[in-house]
Amino acid sequence: MVKVGIPRSLLYYQYYPMWRKFFEELGAETVVSPVTNEAILLSGSSRTASETCLPVKIFVGHVLYLANKCDFMFIPAVRSIGGKIYNCSKFLGLPDITRAVVPESPVILDPEIDLSRGQGNFLKTIYALGNHFTPDRKRIKAALEEARKANLVYRERMVSLKLTAVEVIGEESRNGNVEAEAPLSSCLTIAVLGHPYVLHDDHLNHRLLSRLRTMGVEILTAEMVEQEKLDAAMARLVGKAHWTFESDIIGMGGYCLERGVDGIISASVFGCGPDSMMVSVIRHRARELDVPFLSLSLDEHASEVGIVTRLEAFLDMIGRRKRICV
Amino acid sequence: MRVSFPNFSNIHVVIKAVARKLGVTEGELVVPPPTTQKTLDLGVKYSPAEACLPFKLTLGNLIEACEMGADTLLQARGTGICRLGYYAKVQEQILGDLGYNARFLTYDVSRNKLVGIFSLMKNLRGANWFRDIPALHFGMSKLFSLDRIDKVVRHTRAVERERGGANRIYKEAIASIDGAENGREVKRLTRKYIGRLNSVAKDPRARPVKIGVTGEIYVVLEPFANMDLEMEMGKLGVQVERTLSLSRWVKYSLFLNPLGIDEWKDVRKAAMPYLKRDVGGDGWESVGEKVFHSREYDGLVHVAPFTCMPEIVAENIMPSTKEDLPVLSLVFDEQMGKQGMITRLEAFVDLLKFRRRSREKHENFSGC
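Residues numbered from 1 in each chain as written. Chains lettered and ligands numbered in written order. Predicted model: local features only at pLDDT ≥ 70, side-chain atom pairs only at ≥ 80, totals over all residues. Heavy atoms only, no water.

Now for the overall build of chain A. Counting its secondary structure elements, chain A contains 14 helices and 10 strands. Rg of the C-alpha trace for chain A: 20 Å, near the compact-globule value of 20 Å for 326 residues, within the 12% margin. Considering chain A as a whole, with its 326 residues, one finds that 59% of them fall into the buried category. The long-range fraction of contacts in chain A, counting pairs at least 24 apart against all pairs at least 6 apart in sequence, stands at 72%. (Helix = DSSP H or I, 4+ residues; strand = E, 2+ residues; numbered from the N terminus. Rg over C-alpha atoms; globule rule 2.2 N^0.38 Å. Buried < 20%, exposed > 50% of the residue type's maximum accessible area, 1.4 Å probe, protein only. Contact = heavy atoms within 4.5 Å.)

Written out as structure tokens, the structure reads:
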């Protein structure tokens, strides 16, 4: 069976169930790299320019891990998933960066996903992609439909069960239902803002989410909220979106500030261009509404202890505030 | 209404010229003071820590302009990809926090084009084609003449006998073109200064190395942001070649691109094997310039602000191209020291000279 390598990084967290379904329907097998570890990070950052942001370095590490374990490497260049709203440069350059820094990689499948140019263009891209596996256009189209359905189910489960992306993907692979890890005593609700590839990569963020849960916090991430609500909140706060995944940060931040949470933690990566602007908008709004806001900036030098200390201090502060307020 | 704008290369000359022809009085146009360390400090103090250098510098300019009483600010905006699109939103918030109640007029650099410029003028003074078109034309003529002079300056610096002569003439040229009242005067001044530059005493034995400058347009063109990069290269006897310029951008982006003429066509085609698509900003062109000019230049200096998204993509891809052209990547932010940059430039120029010598030696041998 043909093997398609999918790095467990960046868009994996948003689209893996969809991609897997698509390739399975076409008779290919997907190979996913393991959870990020230090070796993957180091191998990735040894290949890339030092300025590159951490998620891209990790991505390259995952590609290196998969390089000799598959026949194709699937790295889509996602330009736009609707409207005239475009993605960050690095997502667009991702296949080309990978080709440049990992010359030993197998053939890279790099469809350019640009929904702003219409459905016809998108179908053409998908046919070209599917052509690597089967010349049968009908079968490709059917696979696309199945993949779409898989994606809807995936989204729906995250929203209805308040599960994170990793939990839903894990649940599918174990073929059983898992409940969200029950917090010890959920007296605080904290919104965690960040891109899925930051929040769900435990090596990158030093187990931020599970750490918060063991501290007795109920967490809320963007994938647990319906997309429409995020988009509406974003429109109220800044108007039209500028980047593809803007609703993860601005929409989620705006939604939580309207809905009311005990605090907001933003986890962003050092040097992230879009985040540097978006977080500043949310911080500003949070200050106006007097909602506690903690901004964590992560890079390969971030120390675990530093993060824990800041989290504890933040939660203590909120706890004390709440006692005084109530 | 008191209008102001952030500094960028020689744009103050152009805006002043257009404003004068539009009948904006001296008091209504606030020209921001030249960018200095104080501007940068102000920008850094009030910007998000991870914003890029152009954001911080333009914010500094705008704060200084607001201090001088500006209440309407012109700022660029882009569609998609690079964070330029967010500049105005965040800067407006920051200025609001500082207590300045300024209105932003944004100009979308990737859409609207010429229409955008006219609607800006309409916003400022009301529409009047008979006044607007000549005003724009006058501004453009100054821009083109300055860029023509600038090109001669870049070539003269490398070979002049007494260092600094060309720079003095250039400074003078900017000042007197800024003062020119009409198109004929601009033409006369251009000829005069190009003549003066050509008659500067030159070293007949000088064999300057030819280095291209490419990268993110703001840092490439704004001398304060790149710490007078081109001047320093000139001091080292380097002939600086640069495709990017404001006049070229205006010429193509406003007038020729809508007609289907793409000034970057060859460069983008050259980049195709390595980078297949536009990644925003000037990233695609940076890769293309390396490939396209690999035979023509001795080396390439690639400049970018720290954390610039498109240029990081370019920086990652550049080393892997088949075409062999040495590239020096310089990344600018508020922490950058000028001495460090000069040391790296010196080393780079030495390397290129050495490379040229050994190549010539090789050619001589194979010749006999």
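After presenting the structure, the write-up continues.
Bringing a nonpolar patch on the surface into the picture now. Residue and element names in this part refer to chain B. Taken together, the side chains of Trp 129, Phe 130 and Ile 133 define a hydrophobic patch exposed on the protein surface, amounting to about 430 Å² of accessible area. Relative to the helices and strands, Ile 133 resides in helix α6 (residues 129-159). Classification of Ile 133 by relative accessible area gives partly exposed; the value is 43%. (Patch = residues over 30% accessible without salt bridge, like charges linked within 9 Å, V, L, I, M, F, W, Y side chains within 5 Å. Areas by Shrake-Rupley, 256 points an atom, 1.4 Å probe, with all protein chains shown as cover. Salt bridge = Lys/Arg side-chain N within 4 Å of Asp/Glu carboxyl O.)

A few words on the pairing of strand β4 (residues 209-215) of chain B. All names here are of chain B. Counting buried positions along β4 yields six of seven residues, so the element is predominantly enclosed. Two strands pair when backbone bridges link them, and β4 and strand β5 (residues 238-241) are joined in this way by four bridges, in the parallel orientation. By the bridge assignment, Lys 210 is partnered in β5 with Gln 239. Note: β4 against strand β6 (residues 299-305), five bridges, orientation parallel. By the bridge assignment for β6, Thr 214 is matched with His 302. (Pairing = 2+ DSSP bridges.)

All names here are of chain A. One can read the domain layout of chain A as domain 1 (2-159) and domain 2 (182-325). Of note, the centres of domain 1 and domain 2, computed from C-alpha atoms alone, are 27 Å apart. Between domain 1 and domain 2, the contact holds 26 residues from the first and 22 residues from the second. Summing both sides of the interface, domain 1 and domain 2 together bury roughly 2,100 Å²; the carbon and sulfur share of this comes to 67%. On inspection of domain 1 and its partner domain 2, the count reaches one salt bridge. For the pair domain 1 and domain 2, the number of links is three residue pairs in polar contact (both at pLDDT 80 or more). Those elements that provide at least two residues to the side of domain 1 that touches domain 2 are α1 (12-25), α2 (38-47), α3 (54-66), β4 (77-80), α4 (89-101) and α6 (137-161). (Domains from an automatic or database assignment. Buried area = accessible area lost by both parts, 1.4 Å probe. Polar contact = N/O pair within 3.5 Å; in protein donor to acceptor, adjacent residues only side chain to side chain.)

Before going further, it helps to examine the interface of chain A and chain B. Contact with chain A, which involves 42 residues of that partner, is made by 36 residues of chain B. When chain A packs against chain B, the two sides together hide about 3,300 Å² of surface, and 57% of this comes from carbon and sulfur. Its largest share of buried area at the contact with chain B, chain A owes to A:Glu51, A:His242 and A:Met277, together 21% of the area lost on that side. The tally of links between chain A and chain B comes to five salt bridges. Here B:Lys276 ties to A:Asp110 by a salt bridge, and the two come within 3.2 Å at their closest N and O atoms. Where chain A meets chain B, there are 15 residue pairs in polar contact (both at pLDDT 80 or more). Those elements that provide at least two residues to the side of chain A that touches chain B are β4, α4, α12 (246-259) and α13 (273-289) of chain A. For the side of chain A that touches chain B, the leading source of residues is α4(A), giving 10 residues.

All names here are of chain B. A grouping of Arg 148, Lys 187, Arg 188, Arg 191 and Lys 192 is seen on the molecular surface, where their side chains present a positively charged patch. In terms of residue count, the dominant contributor to the positive patch is helix α8 (residues 183-198) (four residues). With respect to the helices, strands and loops of the structure, Arg 148 is situated in helix α6. (Lys, Arg positive; Asp, Glu negative; His and termini not counted. Charge placed at Lys NZ, Arg CZ, Asp CG, Glu CD.)

A word on the sheet that holds strand β5 (residues 107-109) of chain A. Residue and element names in this part refer to chain A. Reading across from one edge, β2-β1-β3-β5 is the order of the four strands in this open sheet, with parallel pairing throughout. Lying at the two open borders of the sheet, with one neighbouring strand each, are β2 (28-32) and β5. Across the sheet, the mean angle separating the axes of adjacent strands is 35° when strand polarity is ignored. Both strand β3 (residues 72-74) and β5 contribute to a ladder of three bridges, which runs parallel. When the sheet's bridge partners are listed, Phe 74 is paired in β5 with Leu 109. On top of the sheet, α1 reaches β1 (2-6), β2, β3 and β5; it is set at about 155° to β2, its chief contact. (Axes fitted to C-alpha atoms, helices over the stretch in contact; angles between N-to-C directions.)

What follows covers unusual backbone geometry. One non-glycine residue with positive phi stands out, namely A:His206, at about 55°. By the element assignment, A:His206 lies in the loop between α9 (202-205) and α10 (208-214). Even without glycine at this site, B:Thr307 takes up a positive phi of about 70°.

Moving on, we come to the environment of B:Met68. All names here are of chain B. Mapped onto the fold, Met 68 is located in the loop between α3 (53-67) and β2 (72-77). For Met 68 and Val 30, which are 38 residues apart along the polypeptide, the C-alpha to C-alpha distance reads 7.3 Å. When near neighbours in sequence (up to four residues on either side) are disregarded, Met 68 contacts Arg 2, Val 30, Val 31 and Pro 33.

Residues and elements named next belong to chain B. Positionally, Met 1 belongs in the segment before β1 (3-4). The exposure class assigned to Met 1 is partly exposed, which follows from its relative accessible area of 39%. Between the C-alpha atom of Met 1 and that of Gly 69, which follows or precedes it by 68 residues, the distance is 9.6 Å. When residues no more than four places from it in sequence are discounted, the contact partners of Met 1 are Glu 28, Asp 71, Thr 72, Arg 103 and Leu 124.

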